[in-house]
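Fold and geometry: a report
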Amino acid sequence: NGFVYDDESTIVKNILIKDLRNFPKLFKMDYFAQSGENSYRPMVTFTYFLDYAFYGLKPWGFHLTNLLLHAINGVLLYIFVMLLIQPPMLNVKQSKHFFANQPLLIALLFVIHPVLTEAVNAISFREDLLTFLFYTTTLSIYMYLRTNISIGRKSLLYAVSCTLYSLALLSKEMAITLPLVVYCYEWVYSDRNKKRLSVILSNRYNMGYIAVTLAYTYIRFYYFFNPAEKDIVIWMIPERLLTVPGLFLNYLKLIAFPVNLSADYRVEPVNSLFSSLFTLPLITVISFLGIALALRKKRKDAAFGILFFILTLIPVYNIIPIHNPLAERYLYLPLLGFVVMVGSTIHLISRFRLIFAIFLLIILSVYSIGVVKRNKVWENNYALWSDTLKKIRHSTRAHINLGLAYYSIGELEKAVLEYKDAIKVDPYEPSAHYNLGNVYFKLGLFEEAIKEYKTSIMLNSDYADAHYNLGSLYAKMGKFEKAIGEYKIVIKLKPDHPDIYNDIGNAYLKKGQLEEAIQEFQIALRLKPTYFTYYDLGTAYAKHGRYEEALPNFQRALTLKPDSAEAHYNLGVAYIKKGLIAKAKQEFEITLTLQPDFLPAQQAIESLKSEGLW
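What you see as residue numbers is a count from 1 along each chain, following the sequence as written. Totals for whole chains, interfaces and linings use every residue, but because this is a predicted model, local features are given only for residues with pLDDT of at least 70 and side-chain atom pairs only at 80 or more, for both listing and counting. Note that water and hydrogens are dropped before the side-chain values are worked out from all heavy atoms of the structure.

Attention shifts here to the confidence of the model for the protein. Per-residue confidence for the protein averages 86 on the pLDDT scale, and 91% of its residues sit at or above 70. Confidence of the prediction at every residue is given by pLDDT, a number between 0 and 100. Every helix listed is a DSSP run of H or I at least four residues long, and every strand listed is a run of E at least two residues long, numbered separately from the N terminus. Confidence, expressed as mean pLDDT per element, reaches its minimum in the protein at helix α5 (residues 87–90) with 44 and its maximum at helix α7 (residues 117–121) with 95. Scored below 50 in pLDDT, residues 88–97 makes 12 contacts in the model with residues more than four places away or belonging to other chains. When checking whether two residues touch, look at their non-hydrogen atoms; a contact exists if any pair is within 4.5 Å.

Encoded structure:
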């Protein structure tokens, strides 16, 4: 499979991960401008650094990492369940057949569940895999410490667990539920004498996790808060609260019946207490809590699984607004609770050996077939978003992304139709207008493109890409003053974007403002030395008559692109201005070798011959 969904922004176009020297930027405020992430998740971006260092932009390498993480998570889940279930049930040797191994059954149900195909196939959703890895390891260490009173070096192990919990939080916000899950574990598994609320809340082990949570909350919502998150407006507060039970029921359906899976879902807000969309899901939630309470004495693992599922979904109940109120990837961690509950329940019939084995093999086979079929859908953006539109007809995201897929293969007319359909579904979606503007730009319909860019900016004034492309369009039309105005807005929004300084430098260059152009090219070079920046800076110096400074820039440009006829020619001109005729002749000859019809070089040679210098 290739790069799909958000992989384009977080990996393909992510200049941050393509140089290990950028690693310190993971801990600076320009993280959002360069990482392609909307939230502070430096642990995930760090793994992209490693993948790029090993594989470059080869998708199979990134997919291999995701597969390895998923496999490791299966093993970690096996260990977790071994620690979770009660000691009398832990002795697998007493089992009469292979399928009675409850931890193995639960791990198998997890690793081949079709709902996880989104998190494993989309590289940009690796955050869920990493969160699971660190989260379950933290809980496993905690449970080991709580059930092994006599072990030494408890402080060291506990410190390791707190560190792993920190890494889970730096992978994704969903990990913030861990202290609640620890309290839940204590409530379910503690001795009767220790079940008092005061004893559970004063758990000394959980104090460290709470301290880590508070520190992370400060970092995440104060120091590393993405200003773009303030613009997320998904329903009013009462609507969000009334929709919570419905979201829970939808997640339950996705896990229990993983059919018609989709990369996008439409969820309508509930706006009445008496709506069946609120009352029926609420009854389901209350029923699940009642079942957990009833099972707490005899089937502790099943009770814990139910509560784990409910608690770990809290961050995605949309109480605090999120971009996607419902998504399959959000179930990667909560699925642990569900499979523990199911594994514990169906394990009760394991004494009926033949029936149990057949039943289990059917489930595992159906799930496996579902995963294989779903993996093919994630092969590329065209396959993914075509499939999404078959299931969710009015998906703005699917129309936009299918349009992008058409755009990437040059099917511009089809791209226009998809973007127009997206605008019909949601006229206020800025990215639909922005992408339609890009197609018009490429088709040469400049006025139409300007209109769409301006509409997207009206809907989102901080839309840096729209400002950038509008500036590029103005520059192409020769309206350099307007182009510079748009570029300056981009600089305010993305001050560390190297291309913007090069572009604004070129706009100044074409306006004849050479000092301003030189200044912008120098900034671009500090951020990211490229052939174009060296070449453009050399050109600016040459036009300014500063050939002594132009020479080294043309030379550096040629070290990055030795086959550039333009750079060789301009270097030759600079040599002539410095009186280095022999070197100039050599550069002109190289220019004509690379491009025999390069007229300025031919004219320069004729001029030298007429002056008797050839």
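Next, the rest of the story.
Nonpolar side chains (Val, Leu, Ile, Met, Phe, Trp, Tyr) are joined into patches within 5 Å and like charges within 9 Å, using only residues with over 30% relative accessible area and no salt bridge. A 1.4 Å probe and the Shrake-Rupley method give the accessible areas. Residues count as covered only by the protein chains that appear here. By convention in these notes, a salt bridge is any Lys or Arg side-chain nitrogen within 4 Å of a carboxyl oxygen on Asp or Glu. Taken together, the side chains of M29, Y218, I219, Y222 and Y223 present a nonpolar region at the surface, about 560 Å² in accessible area. By the element assignment, Y218 lies in helix α12 (residues 204–223).

The next point concerns the packing of aromatic side chains. Aromatic ring pairs: the centre-centre distance and the angle between the two ring planes describe each pair. Stacked, edge-to-face and tilted labels apply to pairs of Phe, Tyr and Trp rings (six-membered ring for Trp) whose centres lie within 6.5 Å, assigned for plane angles under 30 degrees, over 60, and everything in between, in that order. A full pass over the atoms with the stated rule returns 35 aromatic pairs. A centroid spacing of 5.0 Å and a plane angle of 70 degrees characterise the contact between Y5 and F125, whose relative ring orientation is edge-to-face. Of this pair, Y5 sits in the segment before α1 (7–12) while F125 sits in the loop between α7 and α8 (126–147), and the two are 120 residues apart along the sequence. Each of the two residues, Y5 as well as F125, counts as buried. Between buried and exposed lies partly exposed: a residue is buried under 20% and exposed over 50% of the maximum accessible area for its type, with that area taken using a 1.4 Å probe on protein chains only.

Counting buried residues along helix α6 (residues 102–111), seven of its 10 residues qualify, which places the element largely inside the surrounding structure. Three or more residues of α6 are buried, namely Q102, P103, L105, I106, A107, L109 and F110.

Another aspect to go through is the packing of helix α21 (residues 430–443) against helix α23 (residues 464–476). Put simply, α21 and α23 touch, their axes get as near as 10 Å, and they point 20 degrees apart. Accordingly, the angle class assigned to the pair α21 and α23 is roughly parallel. Taken as a pair, α21 and α23 cross one another with a handedness that is left-handed. For the pair formed by α21 and α23, the contact residues are Y434, N438 and F441 on the first element and D465, A466, N469, S472, L473 and K476 on the second. Looking at the contact of α21 with α23 residue by residue, the class counts come to four nonpolar, three polar and two charged. Axis lines are fitted through C-alpha atoms, for helices just across the contact stretch, and the angle between N-to-C directions can take any value from 0 to 180 degrees. With respect to orientation, any angle under 35 degrees is reported as roughly parallel, any angle over 145 as roughly antiparallel, any angle of 65 to 115 as roughly perpendicular, and every other angle as oblique. Definitions for this section: a left-handed crossing has its near helix turned counterclockwise from the far helix by less than a right angle. A right-handed crossing has that turn clockwise. Each residue receives one of three labels: charged for Asp, Glu, Lys and Arg, nonpolar for Ala, Val, Leu, Ile, Met, Phe, Trp, Tyr, Cys and Pro, and polar for the others, Gly being one of them.

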